[in-house]
Amino acid sequence: MIRTTSKLADGRELIYFDADVSRGRGSSDRRPLEPPVNLSQVRRDPATGAWVTIAAHRQARTYHPPADECPLCPSRDGRLSEIPDEDYQVAVFENRFPSLAMTPPGAAPGDDAPVDALRGRLPGTGRCEVVCFTSDHDASFADLDEDRARLVLDAWTDRTAHLSALPGVEQVYCFENRGAEIGVTLAHPHGQIYAFPFATPRTARMTDQADRHRTVTGRNLFEDLLAAERADGQRVVLAGEHWTAFVPFAARWPYEVHLYPNRRVADLTGLTEPERAEFPALYLELLRRFDRLFTGTAAGAAPARTPYISAWHQAPRTGGGELALHLELFTIRRTADKLKYLAGVESGMDAFINDVSPEAAAERLREVGS
């Protein structure tokens, strides 16, 4: 992997990741950009203890531009974008409209409120990056070949190592949202990385559960969880030498798959070369199966693009020794023409009700295998 770093016109960092040295990276950003604004603030919810990021300046971010104005396509044919070069393999850059940033924040609404037990807050310090998987606007991650998927994995790993070392960063979260149904505002195949100044609420809950499991059993929760799913087998979707994909016993979403390395590691930087080498084929197969879920047939059918969220769960810097790296992939689609909306029970009480049994979901995901 070849890593080339440069700066955009407003000072944001841009990093190209290439599989070989044959691609020169000399183009400069010629756009007249003003420095990005950071008005973020992190506030603690006194009722739950969870941190909430307030980033009102993001209301002005780019929203559903036409394909010929996509900011993630390469700069070519006289049109300038976030990527100054005419082509690229994988590109990562600081978000122009970040929820969190390492630059000192400006004055945000509420800054003059007193800090007390009910109004705890922190500066919106962190970093938000955009990861462009390919220069092809019309592609999807599932369209990539294994070499390109491996290059994305290497980029995720590089950014995890770099961002987790920044002062004030507590957790690094790599993820992809795909589909307008999910709320994606840019159609170009891309993901994001957030470097949080706190451990996210879901991670905090997993940490608590893992600590309780250790106290009661003396064992690691995630090792026991993976071993139980592999032994049971009815919810396993794919299994390799180094990775296992399964539908969780208490899946929240209609189709939800968790992908674990068979050896527990804290984050992406802990993976060995054999584990990295096996990941692309398994992950691409999972994504392609998701796209075949609602076509009615398996191999040979024209795939639809199923909306999904793909989320890497990594241990935070503090108190995450029991957590295991894993990826959670899920869709909000429950049938070909129906979505699962988070209504009163889920949104109001965080109490999920799933319309598809985990066992039936696993069987369906096995049926649509290549």
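Given the structure is predicted, the values throughout are model-derived calculations rather than measurements.

**Student:** Teacher, can you tell me more about the side chain of Ser 75 here?
**Tutor:** With respect to the element layout, Ser 75 can be found in the loop between β4 (51-54) and β5 (90-94). The class for Ser 75 is buried, based on a relative accessible area of 8%. A polar atom in the side chain of Ser 75 sits 2.8 Å from the backbone oxygen of Ile 83. The residues contacting Ser 75, other than those within four sequence positions of it, are Leu 80, Ser 81, Ile 83, Pro 84, Asp 85 and Glu 86.

**Student:** Where do I start with unusual backbone geometry in this structure?
**Tutor:** Negative phi is the rule for most residues except glycine; trans is the rule for most peptide bonds. In this structure, Asp 77 is a non-glycine residue whose phi angle is positive, near 55°. One can find Asp 77 in the loop between β4 and β5. With a phi angle near 55°, Asp 350 is a residue other than glycine that sits in the positive phi range. You can see Asp 350 is positioned in the loop between α5 (344-349) and α6 (358-367).

**Student:** How do you make sense of the sheet that holds strand β3 (residues 41-44) when you look at a structure like this?
**Tutor:** Sheet strands associate in pairs through backbone hydrogen bonding, adopting either a parallel or an antiparallel arrangement. A sheet is described by the order of its strands in space; here three strands give the open sequence β4-β3-β6, paired in antiparallel fashion. Of all the strands in the sheet, the pair left with one neighbour each is β4 and β6 (121-123). Geometrically, the sheet is characterised by an average inter-axis angle of 25° between neighbouring strands, direction not taken into account.

**Student:** What exactly am I supposed to notice about the environment of Arg 79 here?
**Tutor:** Structurally, Arg 79 can be placed in the loop between β4 and β5. In this structure, the C-alpha to C-alpha distance between Arg 79 and Gly 179, residues 100 residues apart in sequence, is 25 Å. Among residues more than four places away in sequence, those in contact with Arg 79 are Asp 68, Glu 69, Cys 70, Cys 73 and Pro 74. Within the local environment of Arg 79, its side chain forms a polar contact with the backbone oxygen of Asp 68, the two atoms lying 3.1 Å apart.

**Student:** Is there a simple way to think about α6 in this case?
**Tutor:** Quick reminder: α-helices carry 3.6 residues per turn. Residues three or four places apart thus point the same way. Among the residues of α6, Pro 358, Ala 361, Ala 362, Arg 364 and Leu 365 are the ones counted as buried. Along the long axis of α6, the arc covered by the buried residues comes to 160°, so they all point the same way. Residues of α6 that are buried in the fold lie against β10 (236-239), β12 (255-261) and α4 (273-292).

**Student:** So what exactly am I meant to see when it comes to the pattern of salt bridges here?
**Tutor:** Pairs can form between side chains of opposite charge once their charged atoms are near each other. Across all of its chains, the model carries 30 salt bridges by this definition. As a salt-bridge pair, Asp 154 and Arg 150 come within 2.9 Å of each other at their nearest N and O atoms. Placement of both Asp 154 and Arg 150 in helix α1 (residues 146-164) is noted, with a separation of four residues, approximately one turn of the helix. For Asp 154, a relative accessible area of 16% puts it in the buried group. Residues Glu 322 and Arg 214 are paired through a salt bridge, measuring 3.2 Å at the closest nitrogen-oxygen approach.

**Student:** It is not clear to me how the packing of aromatic side chains should be interpreted in this structure. Could you clarify?
**Tutor:** To describe a pair of aromatic rings, one takes the distance between the centres and the angle between the planes. Overall, the coordinates contain 18 aromatic pairs when judged by the stated rule. Relative to Tyr 260, the ring of Phe 246 lies with its centre 5.6 Å away and its plane at 25°, an arrangement referred to as stacked. In this pair, Phe 246 is assigned in strand β11 (residues 243-246) and Tyr 260 in strand β12, connecting sequence segments 14 residues apart. Look at Tyr 260 and you get buried, because its relative accessible area is 3%. Judged by centre distance (4.7 Å) and plane angle (10°), the ring pair of Trp 253 and Phe 330 falls under stacked. Of this pair, Trp 253 sits in the loop between β11 and β12 while Phe 330 sits in strand β14 (residues 326-331); the two residues are 77 residues apart in sequence, bridging distant segments of the chain.

**Student:** Any chance you could explain the sheet that holds β14 here in plain terms?
**Tutor:** Strand order in this open sheet of eleven strands is β1-β2-β5-β7-β9-β8-β13-β14-β12-β11-β10, and the pairing throughout is antiparallel. Across the chains shown, the open sheet's two edge strands, defined by having one partner strand only, are β1 (2-7) and β10. Each adjacent strand pair in this sheet contributes to an overall mean axis angle of 20°, direction not counted. Inspection of the sheet shows strand β8 (residues 171-178) paired to strand β13 (residues 308-313) by four bridges, in the antiparallel sense. Within β13, the residue paired with Phe 175 across the bridge is Ala 311.

**Student:** In this structure, what is going on with the pairing of β5? I would like to understand it.
**Tutor:** Strand residues, when the strand is regular, have side chains that alternate between the two faces of the sheet. Burial within β5 is extensive, with five of its five residues counted as buried. One ladder, built from four bridges, connects strand β2 (residues 13-18) with β5; its direction is antiparallel. Across the sheet, residue Phe 17 finds its bridge partner in β5, namely Val 90. Looking at chain direction, β5 and strand β7 (residues 127-132) are connected through four bridges and run antiparallel. Across the sheet, residue Glu 94 finds its bridge partner in β7, namely Glu 129.

**Student:** Before we go on, may I ask you to explain the packing of α1 against α4 in this structure?
**Tutor:** Each pair of packed helices gets described by two things: the angle between the helix axes and the distance between those axes. In the contact formed by α1 and α4, the axes pass within 9 Å of each other and the chain directions differ by 120°. With respect to α4, the axis of α1 lies oblique. Where α1 crosses over α4, the handedness of that crossing is right-handed. Packed against α1, whose contacting residues are Glu 146, Ala 149, Arg 150, Leu 153, Trp 156 and Thr 157, the element α4 presents Glu 273, Arg 276, Ala 277, Phe 279, Pro 280, Ala 281, Tyr 283 and Leu 284 at the interface.

Scoring rules and cut-offs
- Residues numbered from 1 in each chain as written.
- Predicted model: local features only at pLDDT ≥ 70, side-chain atom pairs only at ≥ 80, totals over all residues.
- Heavy atoms only, no water.
- Helix = DSSP H or I, 4+ residues; strand = E, 2+ residues; numbered from the N terminus.
- Buried < 20%, exposed > 50% of the residue type's maximum accessible area, 1.4 Å probe, protein only.
- Polar contact = N/O pair within 3.5 Å; in protein donor to acceptor, adjacent residues only side chain to side chain.
- Contact = heavy atoms within 4.5 Å.
- Pairing = 2+ DSSP bridges.
- Axes fitted to C-alpha atoms, helices over the stretch in contact; angles between N-to-C directions.
- Arc of directions from axis to C-beta.
- Salt bridge = Lys/Arg side-chain N within 4 Å of Asp/Glu carboxyl O.
- Phe/Tyr/Trp six-rings, centres within 6.5 Å; stacked < 30°, edge-to-face > 60°.
- Parallel < 35°, antiparallel > 145°, perpendicular 65-115°, else oblique.
- Left-handed = near helix turned anticlockwise from the far one by under 90°.

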